[in-house]
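Working through the structure, step by step
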Amino acid sequence: MTPRARFSPLIRVLSDIQASESLDAEEWSLLFAEARAAGLAPRIASTLGEHGPPRSMPARFAPQALAARLQGEAIARDALREVRYLRAALEGINTPIVLLKGAAYVVAGLPPARGRVFSDIDILSRREDLPKVEASLMMAGWIGDKKDSYDQRYYREWSHEIPPMTHLQRGTTVDLHHSLVMPTCRLGIDSGILLKSIVPASGLPGWFRLGDEAMVLHACAHLLLNSEFDRGLRDLGDINLLVRHFSGQTPGFLARLIDLASASGLERIAARALLLCHRFYATPLPDWPAITQARFDPVLALLGQVATTRHPDTRPTLQPIADQMLALRELSLRFPAHILIRHLWHKAFSTFGQNRTSV
Amino acid sequence: MTRVSDLERKQLRHALVTGRFRLQVGALVFRIASRVPEFMPAFTQLYAHYPCDPDGGEFDFDVSVDAPSIMRRWFRRNATFRFSGDEPFLPMTADHAHALFEWGTNWVVGAYGHQYLILHSAVLERDGRGAMFVAVSGGGKSTLAAELALSGWRLLSDEMALVDGPDPLLVPHPRPVSLKNQSIGVIRSRHPGAVMGPPAIDTHKGTIAHLRAPDDAVERATEAVRPAIIVFPKWSPTAALRVTEVGQGNAAMRLIEQSFNYPVLGPAGFERLSALVRAAPAWEVEYSSLDDAKRVLNELLTGAC
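All of the points below concern the structure found in this document. (Residues numbered from 1 in each chain as written. Chains lettered and ligands numbered in written order. Predicted model: local features only at pLDDT ≥ 70, side-chain atom pairs only at ≥ 80, totals over all residues. Heavy atoms only, no water.)

1. Re the overall build of chain A
Of regular secondary structure, chain A possesses 16 helices and seven strands. The C-alpha atoms of chain A give a radius of gyration of 21 Å, which matches the 21 Å a tight globule of 359 residues would have. By principal-axis analysis of the C-alpha atoms, chain A measures approximately 55 × 50 × 45 Å. Expressed as a percentage of the 359 residues in chain A, the buried residues total 56%. Long-range contacts, defined as pairs at least 24 residues apart, comprise 68% of the intrachain contacts of chain A with a sequence gap of at least 6. Surface accessibility of chain A: about 16,100 Å² in total, with carbon and sulfur atoms responsible for 57%. Across chain A, the 41 positively charged side chains and the 36 negatively charged ones have centroids separated by 1 Å. (Helix = DSSP H or I, 4+ residues; strand = E, 2+ residues; numbered from the N terminus. Rg over C-alpha atoms; globule rule 2.2 N^0.38 Å. Buried < 20%, exposed > 50% of the residue type's maximum accessible area, 1.4 Å probe, protein only. Contact = heavy atoms within 4.5 Å. Areas by Shrake-Rupley, 256 points an atom, 1.4 Å probe, with all protein chains shown as cover. Lys, Arg positive; Asp, Glu negative; His and termini not counted. Charge placed at Lys NZ, Arg CZ, Asp CG, Glu CD.)

2. A few points about the overall build of chain B
Helix and strand counts for chain B come out as 10 helices and 17 strands. Each of the three principal axes of chain B carries a C-alpha extent, and together these read 55 × 45 × 35 Å. Partitioning the contacts of chain B with sequence separation of at least 6, the portion at a separation of at least 24 is 71%. Summed over all atoms, the accessible surface of chain B reaches about 12,500 Å², with 52% contributed by carbon and sulfur.

3. Points about the interface of chain A and chain B
Listed per partner, the contact involves 29 residues of chain A and 32 residues of chain B. Of the roughly 2,400 Å² buried at the junction of chain A and chain B (both faces included), carbon and sulfur atoms supply 52%. Seen at the junction of chain A and chain B, the total is six salt bridges. In this structure, the salt-bridge partner of R36 of chain A is D62 of chain B, at a minimum N-O distance of 3.2 Å. There are 15 residue pairs in polar contact (both at pLDDT 80 or more) connecting chain A and chain B. The set of elements that each furnish at least two residues to the side of chain A that touches chain B consists of α2 (25-37) and α4 (61-90) of chain A. At nine residues, the largest contribution of residues to the side of chain A that touches chain B is made by α4 of chain A. (Buried area = accessible area lost by both parts, 1.4 Å probe. Salt bridge = Lys/Arg side-chain N within 4 Å of Asp/Glu carboxyl O. Polar contact = N/O pair within 3.5 Å; in protein donor to acceptor, adjacent residues only side chain to side chain.)

4. Focus on the nonpolar core
As a rule of thumb, soluble globular proteins bury nonpolar side chains together. Core analysis: the biggest nonpolar cluster contains 114 residues, and L99, I123, L137 and W207 of chain A have the highest contact counts within it. Within the second largest apolar cluster, 75 residues are counted, among which are I184, L211, V218 and V296 of chain B. (Core = buried A, V, L, I, M, F, W, Y, C linked by side-chain atoms within 4.5 Å.)

5. Observations concerning a positive patch on the surface
On the surface, a cluster of positive charge is made up of R9, R13, R35 and R73 of chain B. Mapped onto the fold, R13 of chain B is located in helix α1 (residues 9-18). (Patch = residues over 30% accessible without salt bridge, like charges linked within 9 Å, V, L, I, M, F, W, Y side chains within 5 Å.)

6. Here we look at the packing of helix α2 (residues 39-46) of chain B against helix α3 (residues 97-112) of chain B
For any two helices packed against each other, one specifies the crossing angle of their axes together with the interaxial distance. Residue and element names in this part refer to chain B. Packing of α2 against α3 brings their axes to within 8 Å, and their N-to-C directions diverge by 60°. Accordingly, the angle class assigned to the pair α2 and α3 is oblique. Here F39, A42, F43 and L46 of α2 lie close against α3, whose contacting residues are A97, H98 and F101. Residue composition of the contact of α2 with α3, by class: six nonpolar, one polar and no charged. (Axes fitted to C-alpha atoms, helices over the stretch in contact; angles between N-to-C directions. Parallel < 35°, antiparallel > 145°, perpendicular 65-115°, else oblique. Nonpolar A, V, L, I, M, F, W, Y, C, P; charged D, E, K, R; others polar.)

7. Looking at the pattern of salt bridges
Using the criterion set out here, one finds 40 salt bridges over all chains in the structure. The residue E26 of chain A makes a salt bridge to R22 of chain B at a minimum N-O spacing of 2.9 Å. In this pair, E26 of chain A sits in helix α2 while R22 of chain B sits in strand β1 (residues 22-25), so the two residues belong to two different chains. Look at E26 of chain A and you get buried, because its relative accessible area is 11%. Overall, R22 of chain B belongs to the buried group, its relative accessible area being 3%. When salt bridges that share partners are traced, they join R43, R116, R234, D235 and D238 of chain A into one network.

8. Considerations on the sheet that holds strand β12 (residues 177-180) of chain B
Residues and elements named next belong to chain B. The strand order across the open sheet formed by three strands is β12-β14-β13, and the pairing between neighbours is antiparallel. A strand with exactly one partner marks an edge of an open sheet, and here the two such strands are β12 and β13 (200-203). Averaged over all adjacent pairs, the angle separating strand axes in this sheet is 35°, with direction ignored. Across four bridges, β12 lies against strand β14 (residues 206-211) in antiparallel orientation. Opposite S178, over in β14, you have H210 as the bridge partner. On the sheet, α3 packs against β13 and β14 and is oriented at approximately 75° with respect to β14. Packed onto the sheet, helix α5 (residues 182-190) meets β12 and β14 and runs at close to 115° relative to β12. (Pairing = 2+ DSSP bridges.)

Structural data, given as structure tokens:
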């Protein structure tokens, strides 16, 4: 660990891109390293490129930024192509499909699409249509990854998605959802209300995306309920860009966001996510009691330790512990107690039996 | 300019442990960190002549080879490769720390160096003319690269052709040449003076030993060359020497198969690849003897202008 590097150039630059002007050469290096670790390199690179490269950027980083931008463009291009393949595969069954997350941003041309690092395509269909959709995907070459009968049961009975399906030739993965959050989740979230807001996805007749407010709330719920914090800063970046974009487009966006959060049971989750966005991206906050309440929330303090820079030089010292605590908390929210005990029992004994394979 | 061999053991060790160590390989600078005792001897031997900086400074990629957990520093010792904190591979035994470093670092360049079109190929140069030796499984690309590098050709890379554009230009990334199994003995017996690092025995690729990149390869590591020929080498113990011309279209298709990032570059990748196969005629060279191969490669390179 380098002695100087408690200062995080990434955190500095995310909330104020102008701050890049004051970085020295080594801090520029660390900025790119941190951005890679957070899955933010393409996004930072395209933001930096917007007004031409900053004067303070050493020559070494022009090729780095170019490489990252190309990577981002390739991801968006691949996602669009994959969506076309999916559409062709599902054309015959006449079922409404909702695109979620990364692919939805790309198809709708929303700001988080630019330079977003992701690989899986997330789609949602009605629960009763799942067998049809799954069968059509299999006919077109996608096969389920999880063979283990416990995993099958976990996904089929409790989860909000079926096991991920990977295409035999292209190796691309699709996550097929039937709900936005785990139906077993103890928080009592009504994702049906969010789904009522769907709007047609541009250029894809018969396909939909979530309405603006629901899209933001889904991003919040996904970040806080899936314990995939290694991409936390990227997800907060998505929320920040969406909030700023939608607020600029239609007056009263934040007020409608608050209403929908209350109606769907996502108040605390949305308040925490917005506070984190504000901390890292200076996202404007609505005047909302839930925000005032969440400010001194211990969970928020933990989240601030994990949904931040993950680079070994600059990450908070307690990050690994906070990761564990939040993963446990999330697990305890995911299930009612009787399923949770069964799940943990199974996980404890199934891992003992497995041998790790080496390189 | 400081070279790795200029540093005292203690100084190098300190720089590696504190993360202040920088290694320059061609256009790229690596920040390298390691506490694994097995890493340093192999590294100092194979990178002795590389420019470096023990006091920090800017870098492109930060990599480390370290124990995966504190316990693994003492019990059932092994090493893991990290890149910006991520661990793209499973750990390996501590004896293989240096081999892991070589694989990991190749992976980093291949997975992130999208400013170049990157092809799985050795690159060498003679008289200002670049030759690519494209990887074909069992083709003997690395053996050929080692042999040529020790016979007056300049080594640009034994693993990756970094193709810059728009006029195709091969950018050097000289690193130790990775030799497998029998190739190690072949090169050792033909070139008894060649410096090789400690062999990594029983890796998933068999036994691996690295040949130190020749001095001029490191000395001229920022001089790019124009591609003059593309070679698909094919070694077999009994083959008679045979040289077959490969058409531009066919060569392009075979190069795409051996590319690390062709799809990432999109249309620009296609243009750079077409420019490459237009600039450099391609040949398939079947051989059993390295001397035959060397002779015919010299002829092909002289013939291509």
